[in-house]
Amino acid sequence: MEATSVKAGMQPASEDAHHHQSTPLSKIILVASIAAGVQFGWALQLSLLTPYVQLLGVPHTWASFIWLCGPISGMLIQPTVGYYSDHCNSQWGRRRPFIIAGTILVTLAVILIGFAADIGKSAGDPPDKVPKVRAVVVFVLGFWVLDVANNMMQGPCRALLADMSGHNHKKTRTANSYYSFFMAVGNVLGYAAGSYTDLYKVFPFTKTKACDVYCANLKTCFIFAIILLLVLTTAAMTLVKERPLVLSHQYNADQDEEDEEEVSMPFFGQILSALGNLSRSMWMLIVVTSLNWLAWFGFLLFDTDWMGKEVYGGTVKGKESKLYDRGVHAGSLGLMLNSLVLGLMSLAIEPAARLMGGVKRVWGIGNFILAICLGLTVAVTKMAQSSRHEAAAEGRSLMPPANVKIFALTIFALLGIPQAITYSIPFALASIYSNASGAGQGLSLGVLNMAIVLPQILVSAVSGLLDDLFGGGNLPVFVAGAIAAAASGVFALTILPSPPAQPSRL
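Residues numbered from 1 in each chain as written. Predicted model: local features only at pLDDT ≥ 70, side-chain atom pairs only at ≥ 80, totals over all residues. Heavy atoms only, no water.

Draft legend 1. Looking closely at the overall build of the protein chain. A count of helices and strands for the protein chain gives 20 helices and two strands. Across the protein chain, every contact between residues at least 6 apart in sequence was considered, and the portion connecting residues at least 24 apart equals 83%. When the accessible surface of the protein chain is split by element, carbon and sulfur atoms take 66% of a total near 20,300 Å². (Helix = DSSP H or I, 4+ residues; strand = E, 2+ residues; numbered from the N terminus. Contact = heavy atoms within 4.5 Å. Areas by Shrake-Rupley, 256 points an atom, 1.4 Å probe, with all protein chains shown as cover.)

Right under this line is the structure:
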């Protein structure tokens, strides 16, 4: 694989000339299906890894700092990979080499994460003592590699979809909707696997002295994730051919000095230059996206932990640990319901945009739904606490009653509506704005990703502080997210420009 910057006098063929002819929808769907493999592993991260980290002995307050590695790697990797994929002249194409490399790294990372407890024990971790320092080190290393690999894959995948869509706005939106749909498919598979407590029996070797049933289930889930990702990536990369980057050798003496300065500019100088040249539309998109992810990340980080602690009243260790485990598995069921709604809504975004008068209205209303759902987590928590107090006084089981469970699971399901919008519309708008300005798809999507990961870093940094300040629990970060979601909805409806009109045909 060779990824080289374009030299002065050797300019990349324009996006018009190179990708004006859009690809058949069937091949776009095939590339979008890679998202199912990526999201399978990501769903396992979201639903099971925070409890797993705490089982290794990392306190809840510090668990959020481990998740910082994802946003930090996303901030660095996606713009870097996007920039070099825009300029990669490999015979295999611009995007495919990075997608393949990312798949290989995902496989390595999953092995490190899944076998962290076993590796830690072999390295000297005592079996009945926490924290298991060596296992935590292996886990964090694998976690970093996994996030780097995911970011290495997702940016080029979306950029390839934009390349394949040409300048057809509707096909660009449809391609991103299918990507969101397959993310939902991966979520359903991941959350379903995470909620099945006996999955480890498929691979009995996963249960060891260092790895209990919960750990063995996680390990088995990741094995299935690797298999799915390898199958989907191999199919897409084999059946969908990508044109190599074509360089034109036209030399313009008047531009020679300017070209040399641009080529010699360090990579982060290119990023700063790209930020400085962003259109007003792109800046508004970054603002709305940042607020949107300020709202989302706290819930995505602690959703199953909220079910285990606040809704079921359990604790990670001690006599109430069984309640916590049941809550985590109920949270996995909620996330599966969320993903079913996410998948259906992903296919309905384009019709909804036509019905409601544009994608910005769809996004704005979706953000208000997000704000309401996050606010309702407070009501569910208070109902659960009240039912536990009554049960304790009467000597009954502390399990939450049916109405509390249904209320909590309904929130999970309803959140699939704004999540489908978040996974689709911002990326489609970034590609459309990129086409309008002539910027590279990879770098533009990388810049958009910075608007996603910077809020994640902020949430990861302050959630533990909010936890301590308000006496523990997940509600403070959820309430802050509700406020950010409401602000994002207002800005989406008021300051976000509508994309230019285009004939509605595929």
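Draft legend 2. Examining empty space enclosed by the protein more closely. Per the stated rule, a full pass over the model turns up seven cavities of 30 Å³ or more. Estimates place the volume of the largest cavity at around 430 Å³. Contributing to the lining of the largest cavity are 26 residues, with Trp42, Gln154, Asn449, Ile452 and Gln456 lying nearest its centre. Those elements giving two or more residues to the lining of the largest cavity turn out to be α3 (34-55), α5 (69-87), α8 (133-165), α13 (280-311) and α19 (441-469). The greatest single-element share of the lining of the largest cavity, amounting to seven residues, is contributed by α8. Residues belonging to the lining of the largest cavity are distributed by class as follows: 14 nonpolar, 10 polar and two charged. Of the pockets and cavities examined, the second largest cavity occupies roughly 70 Å³. Around the second largest cavity sit Gly37, Val38, Gly41, Trp42, Val106, Val110, Leu146, Asn150, Phe222, Ala225, Ile226 and Leu229, which together line it. Going through the elements one at a time, α3, α6 (96-114), α8 and α10 (213-239) are the ones with two or more residues in the lining of the second largest cavity. Looking at side-chain class alone, the lining of the second largest cavity contains nine nonpolar, three polar and no charged residues. (1 Å grid on protein atoms, 1.4 Å probe; cavity = no way out; pocket = protein on both sides within 12 Å on 5 of 7 lines; lining within 4 Å. Points joined across faces, edges and corners; volume = space filled by probe spheres on them. Nonpolar A, V, L, I, M, F, W, Y, C, P; charged D, E, K, R; others polar.)

Draft legend 3. A look at a nonpolar patch on the surface. A grouping of Val287, Phe368, Val490, Phe491 and Leu493 is seen on the molecular surface, where their side chains present a nonpolar patch of about 340 Å² in accessible area. Broken down by element, the nonpolar patch gets its largest block of residues, three residues, from helix α20 (residues 475-494). Looking at where valine 490 falls in the secondary structure, it is placed in helix α20. (Patch = residues over 30% accessible without salt bridge, like charges linked within 9 Å, V, L, I, M, F, W, Y side chains within 5 Å. Salt bridge = Lys/Arg side-chain N within 4 Å of Asp/Glu carboxyl O.)

Draft legend 4. Representation of the side chain of threonine 377 in the model. On the secondary structure map, threonine 377 appears in helix α15 (residues 359-394). Residue classification places threonine 377 among the buried positions, given a relative accessible area of 0%. Leave out the neighbours within four places in its chain, and threonine 377 touches Phe299, Trp306, Ile411, Leu475 and Phe478. (Buried < 20%, exposed > 50% of the residue type's maximum accessible area, 1.4 Å probe, protein only.)

Draft legend 5. The packing of α15 against helix α16 (residues 402-414), seen in detail. Where α15 contacts α16, the axes come no closer than 10 Å and their chain directions differ by 165°. In terms of orientation, α15 and α16 fall into the roughly antiparallel class. Read as a crossing pair, α15 and α16 show a hand that is left-handed. The residues of α16 that touch α15, namely those facing Ile369, Cys373, Leu376, Thr377, Ala379, Val380, Met383 and Ala384, are Asn403, Val404, Phe407, Ala408, Ile411 and Leu414. Per-class residue counts for the contact of α15 with α16 are 12 nonpolar, two polar and no charged. (Axes fitted to C-alpha atoms, helices over the stretch in contact; angles between N-to-C directions. Parallel < 35°, antiparallel > 145°, perpendicular 65-115°, else oblique. Left-handed = near helix turned anticlockwise from the far one by under 90°.)

Draft legend 6. Examining the nonpolar core more closely. Of all hydrophobic cores here, the largest spans 121 residues; its most connected members are Ile34, Tyr52, Phe139, Leu285 and Trp306. Contacts of isoleucine 34, omitting those with residues within four sequence positions, involve Ile99, Met153, Cys157, Leu229, Leu232, Thr233, Ala236 and Met237. Core analysis: the second largest hydrophobic core is formed by five residues, Ile286, Leu443, Val447 and Ala451 among them. (Core = buried A, V, L, I, M, F, W, Y, C linked by side-chain atoms within 4.5 Å.)

Draft legend 7. Focus on the environment of threonine 494. Tracing the backbone through its elements, the reader meets threonine 494 in helix α20. Its relative accessible area of 53% is what places threonine 494 among the exposed residues. Sequence separation between threonine 494 and arginine 361 is 133 residues, and the spatial gap between their C-alpha atoms is 9.5 Å. Polar side-chain contacts of threonine 494 include one of 2.7 Å to the backbone oxygen of valine 490. (Polar contact = N/O pair within 3.5 Å; in protein donor to acceptor, adjacent residues only side chain to side chain.)

Draft legend 8. Region of interest: the packing of aromatic side chains. All told, the structure shown has 10 aromatic pairs when counted by the stated rule. Through a chain of ring-to-ring contacts, three or more aromatic side chains come together here, namely Phe299, Trp306, Phe412 and Phe478. Directly above the aromatic system of phenylalanine 427 lies the positively charged group of arginine 158, at a separation of 3.6 Å from the ring centroid. (Phe/Tyr/Trp six-rings, centres within 6.5 Å; stacked < 30°, edge-to-face > 60°. Lys NZ or Arg CZ within 6 Å of the ring centre and 35° of its normal.)

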